[in-house]
Amino acid sequence: MLLAIDSTIVFCWQVYSLDFDFTPAGMLYVRIILDAIFIALNLNRISLKKLEIYFLLWIAVSVLMGLLYLGFGDYNYKFDRLLKDSIPPILFFLKVLIAKSFLEENSFEPKFIVIFSIIISIYQLLLFYLINASQYVYVGLTPPTNGILAGSMAYSSLTLFLTAFVLILLAGKRAYLISMAALWLFMFAVGNKFLRQKNPYFFSKITLAVTIVTAIGLLFGVQTHTTTKFQDTLSVLQTSKSTSIIQDEVSSSYGSKFSENEKRLYLATAGRSGEFFEILESMTITAWVFGHGSGFTYNLRRPDKETLFGHANSHFSPLGLAYKFGVPFMILFYVWLIYPLIKNSYPCKEHYFWAGILILLLFQSFFAFNLFVEFLFPIAIAAMQAKKR
């Protein structure tokens, strides 16, 4: 139910923001309020360990740094950005502790997450294409296919895998395709014996199915790209921001400070290279160790558009964590995420499901700063760390 509510809030913001001034910040604050209510109702389940205390104290230091810079009038720091940089990670760690306490005492059947993920993904795709067909505007779309993919591994279901694969293709999400490949490799290495007992030819069927679908897609792409009809339909069936960027001419007035190689790299990475180089330029030795602190923003120069002032994130999450909180925090955070995947013995299908969710979200974090806002992330971490009582 919470998955449905969370996904509905996200998509309602996307639709509502087409005609009204309801910003992403507004959606974020709604989710923060819901998380705060959830945590307030489950305070008795919170039991802090040394590592969680360290993370929370480090965030507190980051907040103090941000407030100090704000007090001295540093124009690179914004108070609203300070709130967004500090509150979500604090709530994130508390949600992990609450979920871990619950899962140590109770069993959880993930089937309903798989079912809701299918329903919500189809619902989002239908609305997305209807909106794009009626008015040419980009609506950010991230259907919750992770639950379907993880379910396909946990239940050895080729049908679920192909369903998720087709939905990802329709959504035009390259990061999701890459994370899907990573999940397949991980499960083949770790879960080979368990999954083969349930479905001896599971991996072979997946490989064959993906190969056939990919081949059909490539043939379709080669054929339609040579026709004028493809150019006409592209504007309606556009599902990627990068597509619209590539279609537009790069303005010489905006991009005069960029070399041709920089422009090509910017277009190929959908703007992520711009974030990468701007952040690296802002980093000092102190910033590499402690981060810039909460509330820090930078100006993102873009060859296809005007400079974006007050940009505050990096799609590449490790860099995003490093420039906010420092490299030691970033390294320890990813070790904290990955270690349960290595040490877990995977005794049942539920462990494979949550390991699948964690693998998918980890790889997707290299393409979007999703660490503290993905609804299933804290539950997956908690499930991998929980010890049954």
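Structure first, text after, so check above.
The structure reproduced in this document is the subject of the present report. Keep in mind the model is a prediction, meaning the values are calculated, not measured.

1. Remarks on the pattern of salt bridges
Inference 1: One pass over the structure, following the stated rule, counts 5 salt bridges.
Inference 2: Connected through salt bridges with shared partners, the residues R81, D85 and K324 form a single ionic network.

2. Some words on the packing of aromatic side chains
Inference 1: All chains considered together, the criterion is met by 31 aromatic pairs.
Inference 2: Note on F55 and F93: the rings are 4.9 Å apart at their centroids and 10° apart in plane angle, and the pair reads as stacked. Of this pair, F55 sits in helix 3 (residues 50–71) while F93 is found in helix 4 (residues 79–105), placing the two residues 38 residues apart along the sequence. The same class applies to F55 as to F93, namely buried.
Inference 3: Judged by centre distance (5.8 Å) and plane angle (40°), the rings of F333 and W336 are tilted. In this pair, F333 and W336 are both assigned in helix 18 (residues 327–343), 3 residues apart and thus about one turn of the helix distant. Each member of the pair, F333 together with W336, is buried.
Inference 4: If you follow K324 out to its NZ or CZ, it ends over the ring of F369, 5.7 Å from the centre.

3. Digging into a nonpolar patch on the surface
Inference 1: Together, I178, L265, F276, F277, L280, I285, W288, V289, F290, F316, F363 and F366 give the surface a local cluster of nonpolar side chains, amounting to about 1000 Å² of exposed area.
Inference 2: At 4 residues, helix 16 (residues 285–290) tops the list of elements feeding residues into the nonpolar patch.
Inference 3: Here F277 lies in helix 15 (residues 272–282).
Inference 4: Classification of F277 as partly exposed rests on a relative accessible area of 47%.

4. What to know about the packing of helix 6 (residues 146–154) against helix 7 (residues 158–171)
The angle between the axes and the distance between the axes are what describe a pair of packed helices.
Inference 1: Closest axis-to-axis distance for the helix 6/helix 7 pair is 8 Å, and the angle between their directions is 160°. The orientation of helix 6 with respect to helix 7, classified from their angle, is roughly antiparallel. In the crossing of helix 6 with helix 7, the sense of the turn from one axis to the other is left-handed. Residues I148, L149, G151, S152 and M153 of helix 6 touch helix 7, and the partners they reach there are L160, F161, A164, L167 and I168.

5. A word on helix 4
Inference 1: Look at helix 4: 40 Å from first C-alpha to last across 27 residues, which is about the 39 Å you get at 1.5 Å a residue.
Inference 2: Most of helix 4 sits inside the fold, with 20 of its 27 residues counted as buried.

6. Overview of the side chain of K100
Inference 1: Considering the arrangement of structural elements, one finds K100 in helix 4.
Inference 2: Comment: no salt bridge for buried K100; closest opposite-charge side chain is E52, at 4.1 Å.
Inference 3: If sequence neighbours within four positions are ignored, K100 has contacts with E52, A382, Q385 and A386.

7. Quick look at helix 3
Inference 1: The first and last C-alpha atoms of helix 3 sit 31 Å apart over 22 residues, in line with the 32 Å expected at 1.5 Å per residue.
Inference 2: All buried positions along helix 3 are accounted for by E52, F55, L56, W58, I59, S62, V63, M65 and G66.
Inference 3: Two residues or fewer after helix 3 comes G73, characterised by a positive phi angle close to 80°.

About the thresholds
Residues numbered from 1 in each chain as written. Predicted model: local features only at pLDDT ≥ 70, side-chain atom pairs only at ≥ 80, totals over all residues. Heavy atoms only, no water. Salt bridge = Lys/Arg side-chain N within 4 Å of Asp/Glu carboxyl O. Phe/Tyr/Trp six-rings, centres within 6.5 Å; stacked < 30°, edge-to-face > 60°. Helix = DSSP H or I, 4+ residues; strand = E, 2+ residues; numbered from the N terminus. Buried < 20%, exposed > 50% of the residue type's maximum accessible area, 1.4 Å probe, protein only. Lys NZ or Arg CZ within 6 Å of the ring centre and 35° of its normal. Patch = residues over 30% accessible without salt bridge, like charges linked within 9 Å, V, L, I, M, F, W, Y side chains within 5 Å. Areas by Shrake-Rupley, 256 points an atom, 1.4 Å probe, with all protein chains shown as cover. Axes fitted to C-alpha atoms, helices over the stretch in contact; angles between N-to-C directions. Parallel < 35°, antiparallel > 145°, perpendicular 65-115°, else oblique. Left-handed = near helix turned anticlockwise from the far one by under 90°. Contact = heavy atoms within 4.5 Å. Expected span 1.5 Å × (residues − 1). Lys, Arg positive; Asp, Glu negative; His and termini not counted.

In short, shape yes, function no, at least from these values alone.
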